[in-house]
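Listed here are the chains, written in short residue letters.
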Amino acid sequence: MHDFTNLLIQVGALLFLLGLLGRLGRRVGLSPIPLYLLAGLAFGHGGVLELHASEEFFAVGAEIGVILLLLMLGLEYSADELVGNLRSAAPAGLFDAVLNALPGAAFALLLGWGWVAAVVLAGITWVSSSGVIAKVLADLGRLGNRETPVVLSVLVVEDLAMAFYLPLVTALLAGVGLAKGGVALGIAVLTVVTVLVVALRYGNLVSRAMSADNPEALLLGVLGLTLLVAGVAAKLQVSAAVGAFLVGIALSGPVAHHATELLTPLRDLFAAVFFVFFGLATDPRHIPPVLLPALLLALVTMATKTLTGYLAARRVGIAEPGRWRAGLALVPRGEFSIVIAGLAVAAGSVSPKLAALAATYVLITVVTGPMLARLPDLPWAKRTLRRRALAQRTPATPAADRA
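The sections below set out a description of the structure shown in this document. Predicted, not measured: the structure shown is a model, and the values here were computed from it.

**As for the overall build of the protein**
Now for step 1: Each helix and strand counted, the protein has 18 helices and zero strands in total.
Now for step 2: For the protein, the proportion of its 403 residues judged to be buried stands at 49%.
Now for step 3: When contacts within the protein are restricted to residue pairs at least 6 apart in sequence, those whose partners lie at least 24 apart make up 83%.
Now for step 4: Accessible surface, the protein: about 18,600 Å² in total, of which carbon and sulfur atoms supply 68%.

Okay, structure coming up:
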């Protein structure tokens, strides 16, 4: 009973603080995500005041937060839109992998950590944070923008790639043979294909099974189905986030509309818990020794990720402001990067410094990413982009006419 009382006090105090920080962030025009992270750092391991009783609650809440963020993204789009976007985003996905995985691999080799660590760090720098980006897009009111499907397509390609990458890297870290690694990959491929087929071909049946007229039944049904699919996907070594996203894709019509309204408050609550838990799990004392290399790696890969989004948006005819919004929105890394680093450290196959480097690197991109995402909407940036667009549209005056 005493532990439960401490849990109530710690969770209540921290959630109340998050409410104040969220209000402060919106008042000064700043995304609340960096403030949530800093709150987690202040009350986590090595922080000003460690909150031990609530750690398990926030760990579970963080997992639910990522699942709800991806579910809500999926509800915004239909199955046909997903297929079309994936086809158009395939070249961008390949370009994304090359541009953002290679710097991580090269960095690990330069530090002398070996080729296994190179594969691990490549995954850490490659994949953007779907959870953070989903929250940023919602906060900035960009879910209906023309460049948002491009951003989501890149994220989905990355998440699907992680469904294949994670089993392989797990087998690599464990030192298992080629046969076991192939079995793990085969299970991952079969699971992803099965969920995709169900979402694309039988999505209407799933929607009919839900009742849009009964809010209570709809909330319980959608939330239960999402957690079930996400849990099964995770059990089969596939991303739980991918499973949640595909559930959102499978739902359509009034069911999707009403589910969005019902789940938005839950998403906001657990999304905040996700960001706080990330800060709680990071020991501030581990940051100073790896701050400089993490900052250098972050600068390089923030530039390559911005270039990825810019080129992907340009490829489908998005105007320059939208290209910059797409590129800068993709900067944050998050949940997958931490999962990959955790697998590597637990296996004992790489340098222990990799965990601190990964945490610091992710923290830098997650704090700066939401702030960078706002740049194209600032007045001076809009004026600059407008002048550039006018200059490009204005035909050059021939030399003979000037004479």
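**Looking at the packing of aromatic side chains**
Now for step 1: Applying the stated criterion across every chain, the model contains two aromatic pairs.
Now for step 2: Aromatic side chains Phe 57 and Phe 58 sit 5.4 Å apart centroid to centroid with 90 degrees between the ring planes, which places their arrangement in the edge-to-face category.
Now for step 3: Of the residues examined, Phe 57 reaches a relative accessible area of 34% and is grouped as partly exposed.
Now for step 4: Note on Phe 58: relative accessible area 0%, which makes it buried.

**Let's talk about a nonpolar patch on the surface**
Now for step 1: A contiguous nonpolar patch, built from Val 189, Val 193, Val 197, Val 198, Tyr 202 and Leu 205 and spanning about 470 Å² of accessible area, is present on the exposed surface.
Now for step 2: The element that contributes the greatest number of residues to the nonpolar patch is helix 8 (residues 178–201), accounting for four residues.
Now for step 3: Mapped onto the fold, Tyr 202 is located in the loop between helix 8 and helix 9 (203–209).
Now for step 4: Note on Tyr 202: relative accessible area 42%, which makes it partly exposed.

**Quick notes on the pattern of salt bridges**
Now for step 1: Counted by the stated rule, this structure contains eight salt bridges.
Now for step 2: For Lys 135, the salt bridge goes to Asp 268, with nearest N and O atoms at 3.8 Å. Of this pair, Lys 135 sits in helix 6 (residues 130–139) while Asp 268 sits in helix 12 (residues 253–280); the two residues are 133 residues apart in sequence, bridging distant segments of the chain.
Now for step 3: The exposure class of Asp 268 is partly exposed, given its relative accessible area of 31%.
Now for step 4: Salt-bridge contacts for Arg 142 lead to Asp 377; the nearest nitrogen and oxygen are separated by 2.6 Å. Taken together, the residues span a long stretch of sequence, with Arg 142 in the loop between helix 6 and helix 7 (148–174) and Asp 377 in the loop between helix 16 (353–373) and helix 17 (379–393) at a distance of 235 residues.
Now for step 5: The exposure class assigned to Asp 377 is partly exposed, which follows from its relative accessible area of 30%.

About the thresholds
- Residues numbered from 1 in each chain as written.
- Predicted model: local features only at pLDDT ≥ 70, side-chain atom pairs only at ≥ 80, totals over all residues.
- Heavy atoms only, no water.
- Helix = DSSP H or I, 4+ residues; strand = E, 2+ residues; numbered from the N terminus.
- Buried < 20%, exposed > 50% of the residue type's maximum accessible area, 1.4 Å probe, protein only.
- Contact = heavy atoms within 4.5 Å.
- Areas by Shrake-Rupley, 256 points an atom, 1.4 Å probe, with all protein chains shown as cover.
- Phe/Tyr/Trp six-rings, centres within 6.5 Å; stacked < 30°, edge-to-face > 60°.
- Patch = residues over 30% accessible without salt bridge, like charges linked within 9 Å, V, L, I, M, F, W, Y side chains within 5 Å.
- Salt bridge = Lys/Arg side-chain N within 4 Å of Asp/Glu carboxyl O.

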